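# A look at the structure
Here's the letter readout for the chains.
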Amino acid sequence: MHRSSFLIRADNRGHGERWIRSLSLGLTFAWIALVWPAQATHEGTSEQEAAWKLVMERCILCHYLDRPDFKFAVSLKDLFKRQSGRLMNGKPVNDQTVSEWIAEGSPNMPAFKHTLSPRQIEMIVTFLKEGRAASIPIIRGSR
């Protein structure tokens, strides 16, 4: 009788080890399923999404993007299509002058050259130039 109880325990122990291995494998796959898509999404973030994120972090606080109204600063809606074709400092609206304005700032705007790379500034300028900002509704319920 003692021997049969040993065999039962041995069988249960083997079953328990298989269960633990299965659980471990299942948890590993669950972890991969959760982490891998997040990493792939982060690595696969498009340049447009990165530019949008920069605009949301750096511009939207003071500038409207989707309407011509003045917020704390002039609207950036259709910046490159303005009839005057000029920035507030009188310079023509083009990639170089808009990049310089963002980098150097003005009396009412911080100089972003200290916190943004030239590439990030270029991404913001491209985003504004392509007019994508005007097609994105910005917190419509807060107006």
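Attention in this report is confined to the structure presented alongside it. (Residues numbered from 1 in each chain as written. Predicted model: local features only at pLDDT ≥ 70, side-chain atom pairs only at ≥ 80, totals over all residues. Heavy atoms only, no water.)

### Observations concerning the overall build of the protein
Check the secondary structure of the protein and you find 4 helices and 0 strands. Across the protein, helices and strands are ordered from the amino to the carboxyl terminus as α-α-α-α. Out of the 143 residues belonging to the protein, those deemed buried represent 24%. The long-range fraction of contacts in the protein, counting pairs at least 24 apart against all pairs at least 6 apart in sequence, stands at 40%. Approximately 10,400 Å² of the protein is accessible, and the part contributed by carbon and sulfur atoms is 60%. (Helix = DSSP H or I, 4+ residues; strand = E, 2+ residues; numbered from the N terminus. Buried < 20%, exposed > 50% of the residue type's maximum accessible area, 1.4 Å probe, protein only. Contact = heavy atoms within 4.5 Å. Areas by Shrake-Rupley, 256 points an atom, 1.4 Å probe, with all protein chains shown as cover.)

### Some thoughts on the packing of aromatic side chains
Considering all chains together, one arrives at 1 aromatic pair under this definition. Across the ring face of Y64, the terminal group of R67 is positioned such that the distance to the ring centre comes to 3.9 Å. The side chain of K71 reaches across the aromatic face of Y64, ending 5.1 Å from its centre. (Phe/Tyr/Trp six-rings, centres within 6.5 Å; stacked < 30°, edge-to-face > 60°. Lys NZ or Arg CZ within 6 Å of the ring centre and 35° of its normal.)

### Some words on the packing of helix α2 (residues 47–58) against helix α4 (residues 118–129)
Packed helices, taken two at a time, are described by their axes: the angle between them and the distance between them. The interhelical angle for the contact between α2 and α4, taken along N-to-C directions, is 95°, at an axis separation of 9 Å. When the axis of α2 is compared with that of α4, the two are roughly perpendicular. Taking contact as the criterion, the partners of E47, Q48, A50, A51, W52, L54 and V55 in α2 are, on α4, R119, Q120, M123, I124 and F127. Taken together, the residues that form the contact of α2 with α4 break down as 8 nonpolar, 2 polar and 2 charged. (Axes fitted to C-alpha atoms, helices over the stretch in contact; angles between N-to-C directions. Parallel < 35°, antiparallel > 145°, perpendicular 65-115°, else oblique. Nonpolar A, V, L, I, M, F, W, Y, C, P; charged D, E, K, R; others polar.)

### What about the nonpolar core?
Counting 23 residues, the largest nonpolar core has L79, V98, I102, I124 and L128 as its most contacted members. Of all the elements in the fold, those that place two or more residues in this core are α2, α3 (95–104) and α4. A total of 6 residues in this core trace back to one element, the largest contributor, which is α4. If sequence neighbours within four positions are ignored, V98 has contacts with L79, F80, L87, V93 and V125. (Core = buried A, V, L, I, M, F, W, Y, C linked by side-chain atoms within 4.5 Å.)

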